[in-house]
Amino acid sequence: MPALEFLCKDIGINTNKFTKGELLILEAELFFLICEELKKLFKSHYKNYFSLLNFDFEMEERMIETNFLRFVIVDILSTETYNLLGIALYTQNSEETIYELMSGYNKDPSLLLARKIIELHRKVRPELYRIILKKAIKIE
C-alpha cells in the first residue's frame, strides 16, 4: 500500500493507527473521492463541448463516466511526461491496450489497470491530487 501511505502522509493521516482492513476501506474511499473530483474537473473542462451538443445532465454524466479513463490518459499525455509507450510500460500493459482506452475502443478496463493509470496521473499531477485530498478530508 505505498500509494495509500503517500496519499495519507500528504494530507496528515497516520496510517499506523489503522488495521489492514481499515486501510483497505480507507483506500477505497479515497479512490472513490478522487474519481468523483476528477469527474467534476473533466465535466468543467468539457462544458462547452456538452453545451454545443446540447447534452442534458444525464448525458453529460454518462459521457464522463464512459470516457473517464480516456480523459485521464489524455491529461497524462498533455503533461508530456509520458507517451503511450511510457503509460503502457508503467501499467505493465501493451501500448495497444492503452491506445484502445484512449481512443474509446475499450470502455471497460480492469480495476487494476484503472488504478495504475490513476496512480500514474497522481504522479504527474501531484498538486491536483493534494488539492483534491485536502478537499476530501474536509467532507464530513
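The paragraphs below set out a description of the structure included in this document. In this text, all values refer to a predicted model and were calculated from it rather than measured experimentally.

### Some words on the packing of helix α8 (residues 111-124) against helix α9 (residues 126-137)
Phase 1: The N-to-C vectors of α8 and α9 enclose an angle of 105 degrees; their axes lie 5 Å apart at closest approach. Considering their axes alone, α8 and α9 lie roughly perpendicular with respect to each other. Two secondary-structure elements touch here, α8 through Ile118, His121, Arg122, Lys123 and Val124 and α9 through Pro126, Leu128 and Tyr129.
Phase 2: The class makeup of the residues in the contact of α8 with α9 is five nonpolar, one polar and two charged.

### A closer look at the nonpolar core
Phase 1: Core analysis: the largest hydrophobic core is formed by 36 residues, its most contacted members being Leu38, Phe68, Ile73, Ile76, Ile98 and Ile117.
Phase 2: Listing elements by their share of this core, those giving two or more residues are α1 (2-11), α2 (20-45), α4 (57-66), α5 (68-78), α6 (84-91), α7 (95-103), α8 and α9.
Phase 3: Leaving out residues up to four positions away in the same chain, leucine 38 has contacts with Phe68, His121, Leu128, Tyr129 and Ile132.

### Details of the packing of α2 against α8
Phase 1: Direction vectors running N to C along α2 and α8 enclose 70 degrees, while the axes themselves pass 12 Å from each other. If you check the angle between α2 and α8, you find them roughly perpendicular. Relative to α8, the crossing made by α2 is left-handed. Note on element contacts: α8 touches α2 through Leu111, Arg115, Ile118 and His121, opposite Glu27, Phe31, Cys35 and Leu38.

### Re the packing of aromatic side chains
Phase 1: Tallying each qualifying case throughout the model produces seven aromatic pairs.
Phase 2: Relative to phenylalanine 71, the ring of tyrosine 46 lies with its centre 4.4 Å away and its plane at 25 degrees, an arrangement referred to as stacked. Remark: phenylalanine 71 occurs in helix α5 and tyrosine 46 occurs in the loop between α2 and α3 (47-52); sequence separation between them is 25 residues.
Phase 3: By relative accessible area, tyrosine 46 is classed as partly exposed at 21%.
Phase 4: Between tyrosine 82 and tyrosine 90, the aromatic rings sit 6.3 Å apart at their centres with planes inclined by 75 degrees, giving edge-to-face as the arrangement.
Phase 5: For tyrosine 90, a relative accessible area of 25% gives the class partly exposed.
Phase 6: An aromatic cluster is defined as three or more aromatic residues linked by ring pairs; in this entry it consists of Phe42, Tyr46, Phe68 and Phe71.

The rules behind these values
Residues numbered from 1 in each chain as written. Predicted model: local features only at pLDDT ≥ 70, side-chain atom pairs only at ≥ 80, totals over all residues. Heavy atoms only, no water. Axes fitted to C-alpha atoms, helices over the stretch in contact; angles between N-to-C directions. Helix = DSSP H or I, 4+ residues; strand = E, 2+ residues; numbered from the N terminus. Parallel < 35°, antiparallel > 145°, perpendicular 65-115°, else oblique. Contact = heavy atoms within 4.5 Å. Nonpolar A, V, L, I, M, F, W, Y, C, P; charged D, E, K, R; others polar. Core = buried A, V, L, I, M, F, W, Y, C linked by side-chain atoms within 4.5 Å. Buried < 20%, exposed > 50% of the residue type's maximum accessible area, 1.4 Å probe, protein only. Left-handed = near helix turned anticlockwise from the far one by under 90°. Phe/Tyr/Trp six-rings, centres within 6.5 Å; stacked < 30°, edge-to-face > 60°.

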